[in-house]
Amino acid sequence: MTYAITQTCCSDATCVAVCPVNCIHPTPEERDFGSTEMLYVDPETCIDCGACADACPVDAVFPVDSLFGARKEYAAVNAAYYADRDPESATRPNFHAWGAPSFTRSLPSDFAPIRVAVVGTGPAGMYAAEDLLLHTNAEVTLIDRLPVAGGLVRYGVAPDHPGTKGVGETFARFHSHPRVRMHLGVEVGTHISAEELAAHHDAVIYAVGARADRRLGIPGEDLPSSIAATSFVSWYNAHPEVVPEAVDLSRAERVVVAGNGNVALDVARILVTDPAGLAGTDIADHALAALRGSAVREVVLLGRRGPEDAACTSSELRALKHLPGAELVVDDHDPRIGPAIEGAAPGSPAAVLRGVRRERVDWTRPAEGGRRIVLRFHSAPVEISGRDDVEGVRVTADGGGAEVPARLFLRAIGYRGLAVPGLPFDEASGTVPHEGGRVAGLRGAYVVGWIKRGPSGGIGANRTCAAETVGTLLADAVAGALPSPAQPAKAFGRLIRSRSRHVVDARGLAAIDRAERARGRDGGRPRVKFGTVPELVAAARGRRRGRSG
């Protein structure tokens, strides 16, 4: 028996580090690392030890003989990665060509503890904190603008991907680390300035992500039922900044989504999934209720280019083919679509569409029958029609356009970073200018994650990104290039408490976690989230109030 890596692989390479026979590739030292959609187990060299499954932070590794349903395909997917590799150059157990020892970081034996603030508790910030805590004697201050930790792990991962959310448990072990101080519900630029933060620490790492959405700039984009997919994701994940009334599914038989990346696929999948299948997840109560009463029968995903340029990963597209109670269809309106799918390279998203039904969809007919997702390539929205609400979406197409009737429009064309007061900002890219993570022209300030490199790469990509930033920071520390804090360590806590009465610490975060798990226990759910800031703060203090999340 061998193991196989499946859909939710985060590519953080934890499995590579524990594999005793070097059978998982590409490794961080190989050229392909970071360019493949996932990592792969070589079935010829796997010795069935299970170390990779034990180490995987997102529950993506399984024995091949236990795979069923959509996961069953991944035995062949893993094997296919090795099918065309040159056996002479392939790395095999016991024949590994070890290189010379390399010590990328060399800290002096008398390296004094440094105080580092990490702003943001999503994957990027927590990988940076983990690196500092495991490999140095640094004291770390964790800061987040929301009164709960997690970032995109909590509010960006779809509720039907509980394995991916499991990486949050890996990060949570550092929340109560003896060298960590946590201040949640604190926003830089509102409660404290970047200058004040710097005055209390040797260095500050900003891991604030890219929480804004990109706009299309087309007529009708601001109609009430035209919203960003990022807001829709936040809505079904009980984000406190998106109210339950933000999304109305009671009248929308057809939903149009601009984009065909993984976020677009996430929202399409949630919209057509049987709510009974979501009832055991941590989806927001208000979203589950809305989906139970939903009128949605059809979701149309618009892709500006052809299937060969689909922005999603093969694994996420493959999951749509196996969605219970819903059909995947390709709109065959353009003569280029069929040849692009049939001639697609093995392993590409377009190749996944072989065997998927293709039909020329008649948009003059209402959505009817069972639930389905329609992929419409070579189409882009040019106008959203309607007087007081969305009524349709006009899309481009060679040989003429089309009017797609719809009562809900979601734009899923990417995230965008926002400027941090006190830091330089590149408006064009939505990122902070940096050199190896060091903020340009600002001593002691660093960036990691999407605010550093733009909104690309999944959870695991942040591990490599954080290693670079922390490496730069430590090199600066050894060189004596960090400014010394002007204030003592305990002064920061006093300052924060003087600015806000609603700061949540590690003990409060643990109380929130216990309360949410207790709320979910009776319904067989992992947790029921609190959906407002007052609820979260009250739970942190041991009180309960108001509506559920």
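Our subject is the structure listed above.
Only a predicted model underlies this, so the values are computations on that prediction, with no experimental measurement involved.

Caption draft 1: Here's a closer look at the overall build of the protein chain. The helix and strand tally for the protein chain stands at 20 helices and 23 strands. Relative to the globule expectation of 24 Å for 549 residues, the C-alpha radius of gyration of the protein chain, 24 Å, shows essentially globular dimensions. Residue burial in the protein chain is summarised as follows: out of 549 residues, 55% are buried. A separation of at least 24 residues holds for 75% of the contacts in the protein chain among residues at least 6 apart in sequence.

Caption draft 2: Main features of the sheet that holds strand 14 (residues 357–359). Read across the open sheet, the seven strands follow the order 10-19-11-12-15-13-14; overall the sheet is parallel. Only two strands of the sheet have a single partner each, and these edge strands are strand 10 (226–228) and strand 14. Adjacent strand axes in the sheet meet at a mean angle of 25°, parallel and antiparallel pairs treated alike. Across five bridges, the pairing between strand 13 (residues 326–331) and strand 15 (residues 371–376) is parallel. Bridge assignment links glutamate 327 to a residue of strand 15, and that residue is arginine 372.

Caption draft 3: Broad picture of the packing of aromatic side chains. Within this structure, the stated rule accounts for six aromatic pairs. When the centroid spacing of 4.5 Å and the interplanar angle of 10° are considered together, the rings of tyrosine 40 and tyrosine 81 count as stacked. Remark: tyrosine 81 occurs in helix 3 (residues 74–83) and tyrosine 40 occurs in strand 3 (residues 40–41); sequence separation between them is 41 residues. Considering the side-chain rings of tyrosine 127 and phenylalanine 171, the 5.0 Å spacing of their centres and the 85° angle between planes classify their relative orientation as edge-to-face. Here tyrosine 127 is found in helix 4 (residues 123–135), whereas its partner phenylalanine 171 is found in helix 7 (residues 167–172), with 44 residues between them in sequence. Phenylalanine 171 shares its class with tyrosine 127; the two are buried. Lying over the aromatic face of tyrosine 74, arginine 318 brings its terminal NZ or CZ to 5.4 Å of the ring centre.

Caption draft 4: Representation of the environment of valine 119 in the model. By secondary structure assignment, the location of valine 119 is in strand 5 (residues 115–119). With residues up to four places along the chain from it excluded, the contact list for valine 119 reads Ile143, Val188, Leu197, Val204, Ile205, Tyr206, Ala207 and Val208.

Caption draft 5: Layout of the side chain of arginine 376. Mapping arginine 376 onto the fold places it in strand 15. Only 2.8 Å separates the side chain of arginine 376 from the side chain of serine 379, close enough to count as a polar contact. The residues contacting arginine 376, other than those within four sequence positions of it, are Val300, Leu301, Leu302, Gly303, Asp331, His333, Trp363, Val395, Thr396, Ala397 and Ala402.

Caption draft 6: Summary view of the environment of aspartate 110. Among the structural elements, aspartate 110 can be located in the loop between helix 3 and strand 5. As for aspartate 110 and alanine 402, which are separated by 292 residues in sequence, their C-alpha atoms are 69 Å apart.

Caption draft 7: Local environment of the pattern of salt bridges. The full count for this structure, using the stated rule, is 36 salt bridges. In this structure, glutamate 187 and arginine 211 form a salt bridge, with 3.6 Å as the shortest nitrogen-oxygen distance. Note that glutamate 187 is positioned in the loop between strand 7 (180–184) and helix 8 (194–199) and arginine 211 in the loop between strand 8 (203–206) and strand 9 (212–213), a separation of 24 residues in sequence. Note on arginine 211: relative accessible area 43%, which makes it partly exposed. Among the ionic pairs, aspartate 285 bridges to arginine 525, the shortest N-O distance being 2.6 Å. Residue aspartate 285 is located in helix 12 (residues 285–292), and its partner arginine 525 is located in the loop between helix 19 (506–521) and helix 20 (533–540); the two are separated by 240 residues in the primary sequence. Looking at aspartate 285, the relative accessible area reads 24%, which means it is partly exposed.

Conventions we followed
- Residues numbered from 1 in each chain as written.
- Predicted model: local features only at pLDDT ≥ 70, side-chain atom pairs only at ≥ 80, totals over all residues.
- Heavy atoms only, no water.
- Helix = DSSP H or I, 4+ residues; strand = E, 2+ residues; numbered from the N terminus.
- Rg over C-alpha atoms; globule rule 2.2 N^0.38 Å.
- Buried < 20%, exposed > 50% of the residue type's maximum accessible area, 1.4 Å probe, protein only.
- Contact = heavy atoms within 4.5 Å.
- Pairing = 2+ DSSP bridges.
- Axes fitted to C-alpha atoms, helices over the stretch in contact; angles between N-to-C directions.
- Phe/Tyr/Trp six-rings, centres within 6.5 Å; stacked < 30°, edge-to-face > 60°.
- Lys NZ or Arg CZ within 6 Å of the ring centre and 35° of its normal.
- Polar contact = N/O pair within 3.5 Å; in protein donor to acceptor, adjacent residues only side chain to side chain.
- Salt bridge = Lys/Arg side-chain N within 4 Å of Asp/Glu carboxyl O.

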